[in-house]
Amino acid sequence: MFKLFTSSNFINKILISFLVVLAYNFIISVNLILSFLILFPLFGSFVIAWLPNEQKTLMKSLALIISGITFLFSLALWVNFNKSLSKFQFIETVHYWFPWDSNSSTYVLLGVDGISLFFVILTTLLIFVCLLSSWDNIHIHLKEYLLTFLILESLLLGVFIILDLLMFYILFEATLIPMFIMILTWGSRERKIRAATMLFLYTLFGSVFMLAGIIYIYWTVGSTDYQIVVASAQFTSFEQRLLWLSFFLSFATKVPMLPVHIWLPEAHVEAPTAGSVILAGILLKLGSYGFLRFSLPLFSEANFYFTPLVYSIAVLGVIYTSLTAIRQTDFKRIIAYTSVAHMNIVMIGIYSFNLIGLGGSILQSISHGFVSSALFLIIGVVYDRFHTRLIKYYSGLVHIMPLYALIFLFFTMANIALPGTSSFVGEFLILAGSFKENTTVTFLGATGMILGGAYSLWLYNRVIYGNLKKDEGHLHLKYSYDINRREFYVFLPLIIGTILMGIYPKIFLDPLEASLLNLVFQLKN
Amino acid sequence: MYLTLVFLPLFGSIAAGFFGFFIGSQGAGFITILCLGLTFLMSCFAFYEVAFAGSPCFLQIMPWFDSELFSFAWGFQFDSLTAVMLIVVTFISFLVHLYSTEYMSHDPHLPRFMSYLSLFTFFMLILVTADNFIQMFVGWEGVGLCSYLLINFWFTRIQANKAAIKAMFMNRIGDFGLALGIFCIFVTFGAVDYSTIFTLAPYFLSDTINFLNIDFNLLDLVGILLFIGAVGKSAQLGLHTWLPDAMEGPTPVSALIHAATMVTAGVFLIARCSPLYEYAPGALSVITIVGAMTAFFAASTGLLQNDMKKVIAYSTCSQLGYMIFACGLSNYHVGVFHLANHAFFKALLFLGAGCVIHAVGDEQDMRKLGGLSKIMPFTYGMMLIGSFSLMGFPFLTGFYSKDVILEVAYGKYSTSGHFAYVLGSLSAFLTAFYSVRLLYLTFLSKPNGYRVLILNAHEAPWRMALPLLILVIPSIFIGYLTKDMIIGLGTNFWQGSIYIQPKNFNIIDAEHIPQAAKLLPVCLSILGALTSFILYFYGSQSLFLFKTSPLGLKFYTFLNRKWFFDKIYNEIIGQFFLSAAYNLTYKQIDRGLIESLGPFGLTRLVSKIALSLKVLQTGFFYHYTLAMVFSLISFLAYFRFENSTFILLSDSKLWFLFVIALFFINTDFKSFKN
């Protein structure tokens, strides 16, 4: 991208930005922003698919620019978002019909509310960051790699934007395909086959029940339109419990919660860096998003019935995974287990059923999207240089990579929720919210603070401080260079996001408020 | 001015940290010292305005959290308590900055060091100026982070790494309690800013809260949870183990963070929450008892430490115990007074120790020092004054606060008060003992160090000597000068920033305790000093004999190994969790149970089933015919009895057919296998 931008002259830049502004005005004025967000990466992937394989830089730049523009346009959602409305905004209706039956016509709605807004922005941001981070380290099937990412972006945005149960299910499952391909193609070891299969089967296993649930809802309500379902769903409490369980199985696998979490460390370890980032940053959020969007408003009574179950699994998950993380030897496994712990904290927040806890859970999800992604990128930086993820080979990196050490420190501190970073805001809101409902859960969940400190600090100290390790006079790690400018720009948006959310979370909390208030209202009635 | 004084150290830190490469060591030193100097100057103005002129200042700059009732702003509050802390923090910090430019002058990472120091000062100022609990928590964790970074400043040393992790980890256990306390406050008061909570506290006097399914008195529970935070930060008994280890950091750091400022944050927190604690008598007695036990424990451990800095560290720990139990006896102002006094003479002691260490080539073991009073008389004098002030020698600074603490402890006429008085007086004896021991072993005894080191030892250069010289003045006079202002009867100095219920206010009672009880601590101090001096000067032979006797050896090991706290923590509790993390959660559950119920078990199961199903594919026509006939019969039967499904199972004829079919299948299998 830099070459493209630096080589083209000033007028070109002006022209490009002018065009972007023009397009922006047009899209906002005709209110097509959501379909633009979904279609633009697809369109981009279509263009890239026709480029010759040799033009690597062009392909990469194009993919980067496309994801960048998508990100900028997704920011428009935030800017134009009406904070005082709880209903969906930027609504678009897409009609489609089946060619074999011209009479049948149906539609899906696209829309964003406070709950999905930041997930959309997080998705576009992280795809951009991922493409930038894998600028140099993809040597095979580059075009397919870029296509995978752009298509994945479309699918993920679709999951968050489309307001239709069936479409949600289809897209929710469809995100697995690019992920599966990513792990299998650009993964590092033989074991990746097992990891990809586990990822696929675990998620599929849960989702089958959700499909059954959705079909049942369609039978009883007569529509899969989300808003209609929410407005007219009248399930008996028994139905609710069964349906809740069917959705729970799917989302709990995605979050992931305790017994079904083992696909995650496996998949993380085998995935390429950018794959891990997407996995931790966005795919896990599909679970928490699903809970907020479907389980909570649709089955309000069953939620209360099953709260003890969720609490106990989540609390066990926090303690269990934090403890397990302490004894890992693989860099990525530690962060993967950390992810599980943090996402389980999110679950505690969601099931506290009050504004503080729910707001905190969304903020923690987003913050986890920043911090955990950044930590995987940090691993990626050293993996690119030294090609190992085993901690025992690392030591004293601060001698050769001071800037890297600083960024790592920042994100380690964010990971243990140091005040002033985004995780603190999320975690504190969640625990404050859940303290209202259940003090024991808060107490046990907060032990994650202590254990989190233990593994994060240990990891940081082992890797960064000390002397460079020697074996019979030879250094394990050859001299290397500090993070370069590209890598710095990879981390920059994440650092900005973390600090911004940490010291001025109001801009994140305000758009959430109305939608969450509505959600709480639906729940308690 | 008020905002500037908080943010100037941050500017200094950014300048030195991010641009240290451009401005170099001297530039970094200059900028940070300049910023700190200005901050100190402004703190003096603030002190005048707030404490003397009596006009507290409240600032709110921008909203922070805003979710339901959980909404408050980034706000700053300057009242008398803050003003005292401001003076202490900026004064010591300024001197330590100045000192560090010389002490660390050979270190290539000086800009980084100065940056950390300034950053620490910034967070400390955030801590003391916050107007709500969450912002206080920012400073609280921020100083913890800086402490971690500074302990770990010489990051190639494994001991420093371990100490840094330990400090942060122990503090996080405290923070865990503090956070729970804040949640508790928020849930009951519906707010987290000081003014609301402290105004409302009396109305929650008899409220209970259900915590962990047990009903607690609300304010007692809040008090104890907040106190757990203070235990972590102020190194009270139980979570104290990080403080002595933190001495791995450079000595100026020990002076600034681990003696004068950061570790007193716990005392500050309790004093700040005095309107809350006044209605929580249960919490107060817990505080008193823990504080007194810390004072005694740390003083006794300090007796037989050999590392010079560790002796002073344990002395800090012990003095923090005094402050804490003064707060626990509802005499928060006395606690804060001791905090300020202690900051001066303890910083003096640490900086003096730094001069010694600097002079003798980084040797800290007192057994390898000795005879330095001839070589560095100035430092010796400074250390002597600091030590005497610490012992509470009459009319030096320490005397005015320490004695009052013990008097109010006696004057409380309660069990916890007497407990604190007895342990406090014993600690006074021990304090004097180890102080003189330190002075004797370092300065007066015969030189035991390496010849080269002793020959190369030199008096401190001026940038190190000047801070000592400045610090020695408050170490002598400040107690005498400000006693009446700060803890005098009827003083209006605190202006409501510290609240003491009239029934708990016992400084008048303290004036009327028996004369013997008043004199006892001073006598014990002097006795301790004399005993120590005589034992080491005349009886070192017999001391050695005692140490090597069986009983003495046990005694020595017990105190020298710090009452085996570390042993228990590391080898029992730590090992338990680590082995549980590996054997139980990882090996047995993650790789064992879940794996065998999940992917591994399923693959095994599927392949087993597939193997057994495989034999059905015999290829013989009559096998398939049998299966077809059997299926057809069941199918027809199902439809025949569709409306009464259970007949299918209860009809005896069908059962007969079924049994016959099974018989065929079995025989077929056998023939196939053969």
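Remember, it's a predicted structure, so these values are computed and weren't measured experimentally.

Reading guide: rules and limits
- Residues numbered from 1 in each chain as written.
- Chains lettered and ligands numbered in written order.
- Predicted model: local features only at pLDDT ≥ 70, side-chain atom pairs only at ≥ 80, totals over all residues.
- Helix = DSSP H or I, 4+ residues; strand = E, 2+ residues; numbered from the N terminus.
- Rg over C-alpha atoms; globule rule 2.2 N^0.38 Å.
- Contact = placed C-beta atoms within 7 Å.
- Buried ≥ 20, exposed ≤ 12 C-beta atoms within 10 Å, placed from the backbone.
- UniProt positions renumbered as here; feature names shortened; annotations may be inferred.
- Pairing = 2+ DSSP bridges.
- Core = buried A, V, L, I, M, F, W, Y, C linked by C-beta atoms within 7 Å.
- pLDDT = per-residue confidence, 0-100.
- Axes fitted to C-alpha atoms, helices over the stretch in contact; angles between N-to-C directions.
- Parallel < 35°, antiparallel > 145°, perpendicular 65-115°, else oblique.
- Expected span 1.5 Å × (residues − 1).
- Left-handed = near helix turned anticlockwise from the far one by under 90°.
- Nonpolar A, V, L, I, M, F, W, Y, C, P; charged D, E, K, R; others polar.

Some thoughts on the overall build of chain B
Okay, so step 1: The secondary structure content of chain B amounts to 30 helices and four strands.
Okay, so step 2: Its C-alpha radius of gyration of 34 Å places chain B more than 25% over the 26 Å reference for a compact globule of 674 residues.
Okay, so step 3: Overall, the C-alpha framework of chain B stretches about 110 × 65 × 60 Å when taken along its three principal axes.
Okay, so step 4: A fraction of 79% describes how many contacts in chain B between residues 6 or more apart in sequence connect residues 24 or more apart.

Points about the overall build of chain A
Okay, so step 1: Per the secondary structure count, chain A includes 21 helices and four strands.
Okay, so step 2: Taking 525 residues into account, the globule formula puts the C-alpha radius of gyration at 24 Å, and chain A, at 23 Å, falls close to it.
Okay, so step 3: For chain A, the spread of C-alpha atoms along the three principal axes comes to 75 × 60 × 45 Å.
Okay, so step 4: Evaluated residue by residue, chain A yields a buried proportion of 57% over its 525 residues.

Things to note about the UniProt feature "domain: NADH:quinone oxidoreductase/Mrp antiporter transmembrane" (unreviewed entry) in chain B
Okay, so step 1: UniProt feature "domain: NADH:quinone oxidoreductase/Mrp antiporter transmembrane" (unreviewed entry): in the numbering of this structure it lies at residues 130–423 of chain B.
Okay, so step 2: Helix makes up 73% of residues 130–423 of chain B and strand 3%, and the two end C-alpha atoms of the span are 34 Å apart.

A short note on the UniProt feature "domain: NADH:quinone oxidoreductase/Mrp antiporter transmembrane" (unreviewed entry) in chain A
Okay, so step 1: Here, the residues flagged by UniProt with the feature "domain: NADH:quinone oxidoreductase/Mrp antiporter transmembrane" (unreviewed entry) are residues 164–443 of chain A.
Okay, so step 2: End-to-end, the C-alpha atoms of residues 164–443 of chain A are 38 Å apart, and along that stretch the chain is 80% helix and 0% strand.

Regarding the interface of chain B and chain A
Okay, so step 1: Taken residue by residue, the interface counts 44 residues in chain B and 42 residues in chain A.
Okay, so step 2: Put simply, the parts of the chain that give the side of chain B that touches chain A at least two residues each are strand 1 (57–67), helix 5 (133–151), helix 6 (158–189), strand 3 (208–211) and helix 26 (565–597) of chain B.
Okay, so step 3: Here the element with the most residues in the side of chain B that touches chain A is helix 6 of chain B; it accounts for 14 residues.

Quick word on the pairing of strand 2 (residues 70–78) of chain B
Looking along a regular strand, one sees the side chains alternate between the two faces of the sheet.
All names here are of chain B.
Okay, so step 1: For strand 2, the tally of buried residues reaches seven of nine residues, placing the bulk of the element in the interior.
Okay, so step 2: Where strand 1 meets strand 2, eight bridges bridge the pair, whose relative direction is antiparallel. Considered in strand 2, the bridge of F58 is made with Q77.
Okay, so step 3: Between strand 1 and strand 2, which follow one another and run antiparallel, lie two residues, and E68 among them has a positive phi close to 55°.

Here's the deal with the nonpolar core
Okay, so step 1: If you look at the biggest cluster of nonpolar residues, it comprises 412 residues, and the most contacted ones within it are B:I270 and B:A347.
Okay, so step 2: Those residues in contact with B:I270 that sit more than four places away from it in its chain are B:F227, B:A230, B:Y277, B:I287, B:C327 and B:Y332.

A short note on unusual backbone geometry
Okay, so step 1: At the junction of A:V255 and A:P256, the peptide bond is cis and its omega measures out at -10° in the coordinates.
Okay, so step 2: Structurally, A:P256 can be placed in the loop between helix 11 (237–254) and helix 12 (263–270).
Okay, so step 3: The phi dihedral of A:H141 is positive, around 50°, even though this residue is not glycine.
Okay, so step 4: Structurally, A:H141 is set in the loop between helix 5 (114–133) and helix 6 (142–161).
Okay, so step 5: Phi at B:W563 is positive, roughly 60°, even though this residue is not glycine.

Some thoughts on the UniProt feature "domain: NADH-Ubiquinone oxidoreductase (complex I) chain 5 N-terminal" (unreviewed entry) in chain B
Okay, so step 1: Those residues carrying the UniProt feature "domain: NADH-Ubiquinone oxidoreductase (complex I) chain 5 N-terminal" (unreviewed entry) are residues 64–114 of chain B in this numbering.
Okay, so step 2: The span residues 64–114 of chain B carries 57% helix and 25% strand; its end-to-end C-alpha distance comes to 30 Å.

Re the confidence of the model for chain A
Okay, so step 1: For chain A, per-residue confidence averages 89 on the pLDDT scale, and 96% of positions sit at 70 or higher.
Okay, so step 2: Mean pLDDT per element in chain A: helix 1 (residues 2–7) of chain A is the minimum at 52, and helix 17 (residues 402–415) of chain A is the maximum at 94.

Notes on the confidence of the model for chain B
Okay, so step 1: The predicted model of chain B averages 89 in pLDDT, with 95% of residues at 70 or higher.
Okay, so step 2: If you check the scores for this complex, the pTM reads 0.92 and the ipTM reads 0.91.

Digging into the packing of helix 18 (residues 422–437) of chain A against helix 19 (residues 439–464) of chain A
Residues and elements named next belong to chain A.
Okay, so step 1: Taken N-terminus to C-terminus, the directions of helix 18 and helix 19 make an angle of 150°; their axes are 6 Å apart at the nearest point. In terms of axis orientation, helix 18 runs roughly antiparallel to helix 19. For the pair helix 18 and helix 19, contact is made by L431, S434 and F435 and by T439, V441, T442, G445 and A446, respectively.

Some points on helix 6 of chain B
Residues and elements named next belong to chain B.
Okay, so step 1: Over its 32 residues, helix 6 extends 46 Å from the first C-alpha to the last, a length consistent with the 46 Å expected when each residue adds 1.5 Å.
Okay, so step 2: For helix 6, a buried count of 27 out of 32 residues is recorded, marking the element as mostly surrounded by other parts of the structure.
Okay, so step 3: Of the residues trailing helix 6, G190 is marked for its positive phi of about 70°.

Comments concerning the environment of A:F291
All names here are of chain A.
Okay, so step 1: Mapped onto the secondary structure, F291 falls in helix 13 (residues 273–298).
Okay, so step 2: Taking the C-beta count within 10 Å as the criterion, F291 has 23 such neighbours and is therefore assigned buried.
Okay, so step 3: With 51 residues separating them in the primary sequence, F291 and Q240 have C-alpha atoms 14 Å apart.

Considering helix 16 (residues 355–386) of chain A
Note on helix geometry: an α-helix contains 3.6 residues per turn, so any two residues three or four positions apart are oriented the same way.
Residues and elements named next belong to chain A.
Okay, so step 1: Along its 32 residues, helix 16 runs 46 Å from first to last C-alpha, staying within 8% of the 46 Å computed at 1.5 Å per residue.
Okay, so step 2: Burial within helix 16 is extensive, with 28 of its 32 residues counted as buried.
Okay, so step 3: H387, located one to two residues past helix 16, shows a positive phi value of around 55°.

A closer look at the packing of helix 6 of chain A against helix 8 (residues 176–186) of chain A
All names here are of chain A.
Okay, so step 1: Look at helix 6 against helix 8: their axes get within 10 Å of each other, and the N-to-C directions meet at 155°. As the angle between them shows, helix 6 and helix 8 are arranged roughly antiparallel. Our pair here, helix 6 against helix 8, has a crossing hand that is left-handed. Residues Y145, T148, I151 and L152 of helix 6 lie in contact with helix 8, whose contacting residues are P178, I181, M182 and W186.
Okay, so step 2: For the contact of helix 6 with helix 8, the class distribution of residues is seven nonpolar, one polar and no charged.

A closer look at the environment of B:I508
Residue and element names in this part refer to chain B.
Okay, so step 1: When you line up the elements, I508 lands in helix 22 (residues 507–511).
Okay, so step 2: Judged by C-beta crowding, with 11 C-beta atoms within 10 Å, I508 ranks as exposed.
Okay, so step 3: Spatially, the C-alpha atoms of I508 and L489 are 7.7 Å apart, while their sequence positions differ by 19 residues.

Some words on the environment of A:F491
Residue and element names in this part refer to chain A.
Okay, so step 1: Within the element layout of this structure, F491 appears in helix 20 (residues 485–503).
Okay, so step 2: Take F491: there are 24 C-beta atoms within 10 Å of it, and that puts it in the buried class.
Okay, so step 3: Distance from F491 to I407, taken between C-alpha atoms, is 8.0 Å for residues 84 residues apart in sequence.
Okay, so step 4: Setting aside residues no more than four positions away along its own chain, F491 makes contact with A374, L377 and I407.

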